[in-house]
Amino acid sequence: MPLALLALAVGAFGIGTTEFVVMGLLPDIAGDYGVSIPTAGLLVTGYALGVVIGAPLLTILGNKVSRKRMLMLLMGLFVAGNILSAVAPSFGVMVTGRVIASLAHGSFFGIGSVVAAGLVAPDKKAGAIATMFTGLTVANIVGVPLGTFIGQAVGWRTTFAVVAALGVLGLLGIARLVPAMPRPEGTHLRRELTAFRNPQVLLAMAMTVLGFGGVFAAITYIAPMMTEVAGYSDGAVTWLLVLFGVGMFLGNLIGGRYADRALMSLLYTALGGLAVVLALFTVLAHQKILAAVAILLVGALGFATVPPLQKRVLDQAHGAPTLASAVNIGAFNLGNALAAWLGGLVIAAGFGYTAPNWVGALLAAAALGLALWSAALERRAPATSEALGSGPVSTEPAGPTDDAAGSARAAGSEAATRAPARR
């Protein structure tokens, strides 16, 4: 494994910790600022929307900067946002700090995905992306529970100070281990934007929004759900988050392993299973052991979709992957924001703390429907071209491609067999 992947994973660890740790601290933060739980959920929504905005914006602004330097600048912005969160005197300032930190998120994972894919052989690209995202999953096993414990024992402000220190560590790791990778020649904004003309890119991003949104509908409100419904103590939330992180880690491994072999089949299985588990979670949340099992499965099934969805976007936007990759990271967080908002609405409407699970089940089922539709369009494309006598349709641009452009041409058996439809 290239050491650069380790550096990217370290940065992902810090980002993953700050993204998810707020969920375990939601009641503490709400109590300190004197706001309701649904209002405190805006810390999740605000972070997610910041990722949605920051992903394309900072990727475009960094278009003329080397990828290594851009990754370092993004980590610096992340550190600044977490420091502001740690010292925020009011809830509004706290939200601002969260948004500042989140601006770095999408571009870091988007650019990092392209860098990771360019460091390995074509048939190992999904595995390399999964390795970088391992930092995010390990954050949920170690960083988030530890941050929750620190926040409950010492104060949530200390948690965000520690997260800022993690960001500094990530910055140093990138500076030391990621090789200098100058901006590829021929990379222009207009060319990057052409990727969004491909309906399959847009469908993949819509799957991302709905599928991962299903996870966040439930997990955003995991603390009140487990303490008020399942009957767990406040301290047990830390270990439940560990369980969720273990599920994410396992799902990421499965997704990284099989996305290079059977990408769409993996998506069908993960999204369908996620919809079923979330629907059952509404009932299972009333029993401690079954609730814990459901949390593990939600993490595993939800994160099993991340490598295949990210790889599918890279495959479909193979001539101009950087902006599309970053926007897809924003799509994950758009789903997070949508789900957190919808979950807060159903709780505020009096349907109880388990109601967001139904929201998540519907979102995941919708994502499965889009996956089936995308595959149907893909199968139809070569048949249409053959009937017209024109052969497979190709949207691959002429001339030099990006250093990750080969991901669609040699990214495993499934990508090879479906290449005519994808191009």
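Anyway, here's the lowdown on the structure attached to this text. None of the values given here were measured: they were computed from a predicted structure.

Okay, the packing of aromatic side chains next. Considering all chains together, one arrives at seven aromatic pairs under this definition. Taking the centre distance of 5.8 Å and the plane angle of 70° together, the rings of tyrosine 33 and phenylalanine 91 count as edge-to-face. Within this pair, whereas tyrosine 33 is found in helix α2 (residues 26–33), its partner phenylalanine 91 is found in helix α6 (residues 91–118), the two being separated by 58 residues in sequence. Tyrosine 33 gets classed as buried once you look at its relative accessible area, which sits at 16%. Accessibility expressed as a relative area gives 14% for phenylalanine 91, which makes it buried.

This part is about helix α11 (residues 222–230). Of the positions making up α11, those classed as buried are Ile222, Ala223, Pro224, Met225, Met226 and Ala230. Directly beyond the C-terminal end of α11, a positive phi value near 90° is found at glycine 231.

Before going further, it helps to spend a moment on the nonpolar core. Across soluble globular proteins, nonpolar side chains show a tendency to be buried alongside one another. Core analysis: the biggest nonpolar cluster contains 116 residues, and Leu8, Ile29, Phe108, Phe109, Phe133, Met226 and Phe281 have the highest contact counts within it. Leave out the neighbours within four places in its chain, and phenylalanine 133 touches Phe109, Ser113, Asn252, Phe303, Val306 and Ile329.

Bringing the pattern of salt bridges into the picture now. Counted by the stated rule, this structure contains one salt bridge. One salt bridge in this structure joins glutamate 378 and arginine 312, with 3.5 Å as the shortest N-O distance. Here glutamate 378 is found in helix α17 (residues 355–388), whereas its partner arginine 312 is found in helix α15 (residues 306–316), with 66 residues between them in sequence. For the pair glutamate 378 and arginine 312, a shared accessibility class is recorded, and that class is buried.

Here helix α8 (residues 156–177) spans 32 Å end to end across 22 residues, near enough to the 32 Å set by a 1.5 Å rise per residue. Every buried residue of α8 is listed here: Trp156, Thr159, Phe160, Val163, Ala164, Gly167, Gly170, Gly173 and Ile174. Check the buried side of α8 and you find it contacts α1 (3–24), α2, α5 (67–87), α6 and α7 (125–153).

Calculation criteria
Residues numbered from 1 in each chain as written. Predicted model: local features only at pLDDT ≥ 70, side-chain atom pairs only at ≥ 80, totals over all residues. Heavy atoms only, no water. Phe/Tyr/Trp six-rings, centres within 6.5 Å; stacked < 30°, edge-to-face > 60°. Helix = DSSP H or I, 4+ residues; strand = E, 2+ residues; numbered from the N terminus. Buried < 20%, exposed > 50% of the residue type's maximum accessible area, 1.4 Å probe, protein only. Core = buried A, V, L, I, M, F, W, Y, C linked by side-chain atoms within 4.5 Å. Contact = heavy atoms within 4.5 Å. Salt bridge = Lys/Arg side-chain N within 4 Å of Asp/Glu carboxyl O. Expected span 1.5 Å × (residues − 1).

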